[in-house]
Amino acid sequence: MLMVDLIEKKKTGGELTKEEIDFLIGGYTAGEIPDYQMSAFLMAVLFRGMTPGETTALTMAMAHSGDMVDLSSLGEHTADKHSTGGVGDKTSLVLCPMVAACGGTMAKMSGRGLGHTGGTIDKLESFPGFSTDMSPERFLEIARTVGFVIAGQSADLAPADKKLYALRDVTATVNSIPLIVSSIMSKKLASGARTIVLDVKTGSGAFMKTEDDARALARAMVDVGRQAGRNMAAVVTDMDQPLGFAVGNALEVREAIAVLQGVDVPDLRELCLVLGSQILTRSGLAPNEDAAREALLRSIESGAALRKLAEMVKAQGGDPSAVFDPTLLPAAAVRRTVRAPRDGYITSMAARDIGLVSMHLGGGRATKEDKIDLSVGVLLAAKVGAYLRKGDPLAEIHAADEAAAERAEEELLACYTFGDAAPQLPPFIRGIVC
Ligand code: URA
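Residues numbered from 1 in each chain as written. Predicted model: local features only at pLDDT ≥ 70, side-chain atom pairs only at ≥ 80, totals over all residues. Heavy atoms only, no water.

### Concerning the overall build of the protein chain
Scanning the protein chain from terminus to terminus reveals 17 helices and 13 strands. The globule rule puts the C-alpha radius of gyration for 434 residues at 22 Å, and the 22 Å found for the protein chain is close to it. Considering only C-alpha atoms, the protein chain reaches an extent of 65 × 45 × 40 Å along its principal axes. By residue count, 55% of the 434 residues in the protein chain fall in the buried class. (Helix = DSSP H or I, 4+ residues; strand = E, 2+ residues; numbered from the N terminus. Rg over C-alpha atoms; globule rule 2.2 N^0.38 Å. Buried < 20%, exposed > 50% of the residue type's maximum accessible area, 1.4 Å probe, protein only.)

### Quick word on the packing of aromatic side chains
For the coordinates displayed, the defined rule picks out 2 aromatic pairs. Measuring from ring centre to ring centre gives 5.0 Å for Y345 and Y387, while their planes differ by 70°; the resulting arrangement is edge-to-face. In this pair, Y345 sits in strand β8 (residues 344–349) while Y387 sits in strand β10 (residues 387–388), placing the two residues 42 residues apart along the sequence. Y345 sits in the partly exposed class, given a relative accessible area of 22%. Judged by relative accessible area, Y387 falls into the partly exposed class, the value being 42%. Here the aromatic rings of Y416 and F418 are separated by 6.1 Å at their centres, their planes lie at 20°, and the arrangement is stacked. Accessibility expressed as a relative area gives 7% for Y416, which makes it buried. (Phe/Tyr/Trp six-rings, centres within 6.5 Å; stacked < 30°, edge-to-face > 60°.)

### Notes on the pattern of salt bridges
Scanning the entire structure with this criterion turns up 26 salt bridges. Here K10 and E54 are joined by a salt bridge, their closest N and O atoms 3.1 Å apart. Of this pair, K10 sits in helix α1 (residues 3–11) while E54 is found in helix α4 (residues 52–63), placing the two residues 44 residues apart along the sequence. Residue K10 is classed as buried on the basis of its relative accessible area of 2%. Salt-bridge contacts for R430 lead to E211; the nearest nitrogen and oxygen are separated by 3.0 Å. Remark: E211 occurs in helix α10 (residues 211–227) and R430 occurs in strand β13 (residues 429–433); sequence separation between them is 219 residues. The exposure class of E211 is partly exposed, given its relative accessible area of 28%. Overlapping salt bridges, with partners in common, bring together E211, R215, D238 and R430 in one network. (Salt bridge = Lys/Arg side-chain N within 4 Å of Asp/Glu carboxyl O.)

### Things to note about the sheet that holds β8
Spatially, β10-β8-β12 is the arrangement adopted by the 3 strands of the open sheet, whose pairing is antiparallel. With one partner strand each, in any of the chains shown, β10 and β12 (416–419) form the two edges of the open sheet. (Pairing = 2+ DSSP bridges.)

### Section: the site of the ligand
The full set of residues close to the ligand is Y165, R168, I180, S183, I184, K187 and F207. Within the side chain of R168, an N or O atom sits 2.9 Å from an oxygen atom of the ligand. A distance of 2.5 Å separates an oxygen atom of the ligand from a polar atom in the side chain of K187. The fraction of the free accessible surface of the ligand (240 Å²) that becomes covered by protein chains is 89%. Secondary structure elements with two or more residues in the shell around the ligand: α8 (159–170) and α9 (177–191). In terms of residue count, α9 provides more of the shell around the ligand than any other element does, 4 residues in total. When its residues are assigned to classes, the shell around the ligand shows 4 nonpolar, 1 polar and 2 charged. (Near = heavy atom within 4 Å. Polar contact = N/O pair within 3.5 Å; in protein donor to acceptor, adjacent residues only side chain to side chain. Areas by Shrake-Rupley, 256 points an atom, 1.4 Å probe, with all protein chains shown as cover. Nonpolar A, V, L, I, M, F, W, Y, C, P; charged D, E, K, R; others polar.)

### Details of the domain arrangement of the protein chain
Taken domain by domain, the protein chain holds domain 1 (3–49), domain 2 (72–324) and domain 3 (330–419). The C-alpha centroid of domain 3 is placed 25 Å from the C-alpha centroid of domain 2. Taken together, the contact between domain 2 and domain 3 spans 26 residues of the former and 30 residues of the latter. Surface buried jointly by domain 2 and domain 3 totals about 2100 Å² across both partners, of which 59% is contributed by carbon and sulfur atoms. (Domains from an automatic or database assignment. Contact = heavy atoms within 4.5 Å. Buried area = accessible area lost by both parts, 1.4 Å probe.)

### Section: the sheet that holds strand β11 (residues 393–399)
What the 4 strands build is an open sheet, ordered β6-β9-β11-β7; its pairing is antiparallel. Each edge of the open sheet carries a strand with a single partner, namely β6 (246–247) and β7 (334–339). When β7 meets β11, the two strands line up antiparallel, connected through 6 bridges. Across the sheet, the residue bridging to R335 is H398, located in β11. Here helix α16 (residues 351–363) sits on the sheet and contacts β6, β9 (377–380) and β11; the angle it forms with β9, its principal contact strand, is near 140°. (Axes fitted to C-alpha atoms, helices over the stretch in contact; angles between N-to-C directions.)

### A word on the pairing of β9
With 2 bridges connecting them, β6 and β9 associate as antiparallel partners. Note on β9: the bridge partner recorded for V247 is V378. Pairing geometry for β9 and β11, over 4 bridges, is antiparallel. Across the sheet, V378 pairs through a bridge with I397, a residue of β11.

Okay, here's the thing in structure tokens:
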């Protein structure tokens, strides 16, 4: 088999066989197929697309390019959740302890933030001493005893994706549904959970700018996961404005703790209830969505979910007292209130740009090597649809110094539009694909 023939076949709209896809993923992972040929192939996929059969074969080949984690010793109720990435997305910090308190087992591998989006691992490192570096044996032990564990992604998990993603990033081939499906689902399938629930974001802060594209991505990921024998559902949700009110690592941890303490942050809490209901029903822990929702709400009211978070932080080397006393989390030296520049409704907020304000404050990375400041970010005081009078608080900037706060204020004000009429808000949950 020759790589040039496979490029030619895809370039002219042909359908590759499973053997051909195994050959190109095996060859590329082993370093036998050069980047220039793989780049040409990726561009051909971007223009020609892939059939569902090809997408499944590509995903399976990438998943099997490294270790397949075996969670079978944890029983039937293992679950994983993945978000396609957004601004202010601290869902895992709320959802995982809720599901664990309801009898589920969340054994998750998560990433760090890059660009305008944050990463769960960075957020968790706000707990003094917290570590996501552990042996496979310890990972399984924490999952078994606590009900949830969050580790960094090991180098042996879907190594084909690591190489391919780096290449896509520099060849303008990220934005292809079969390539995104295979990238995300190869890692999720290799991570081993029986039930996988996906949060596919749509809007200005998301990968998928339109709802149609988000639905197509959700459908394709659910189909691939099903064919691999997993219980699957995808929830399509709004990312036209940040999720919740906090953007920035320790600020987001505080907000997650507040939700677990019973504070109603409407979009964040609803998202956790919807994702959690899908997990509990699909993994056989609840007979229907009403019962699942009730159990999840009870996990908050009883304090069980908050205690689960503390147990997990302790098991992973962190200081659990910070769960009950968030003043122990990193705090920024400077706080500056940003005020509404006029009377009116907030008609839009550029979610991606608000993520960039937090990144420029030091809360995110431009390159993988950057060090981040966990304490900084933006705490929104109002969201789209709110009516404000000139001078009312719009947001609070948490910064390392006055100069950074001043720059952030200017950037942040440019993220908003105001109007005299109340905007029409689309529903936050756009649909469930299963
Ligand atoms: N996230 C991934 O892991 N891969 C993609 O291709 C896009 C988003």
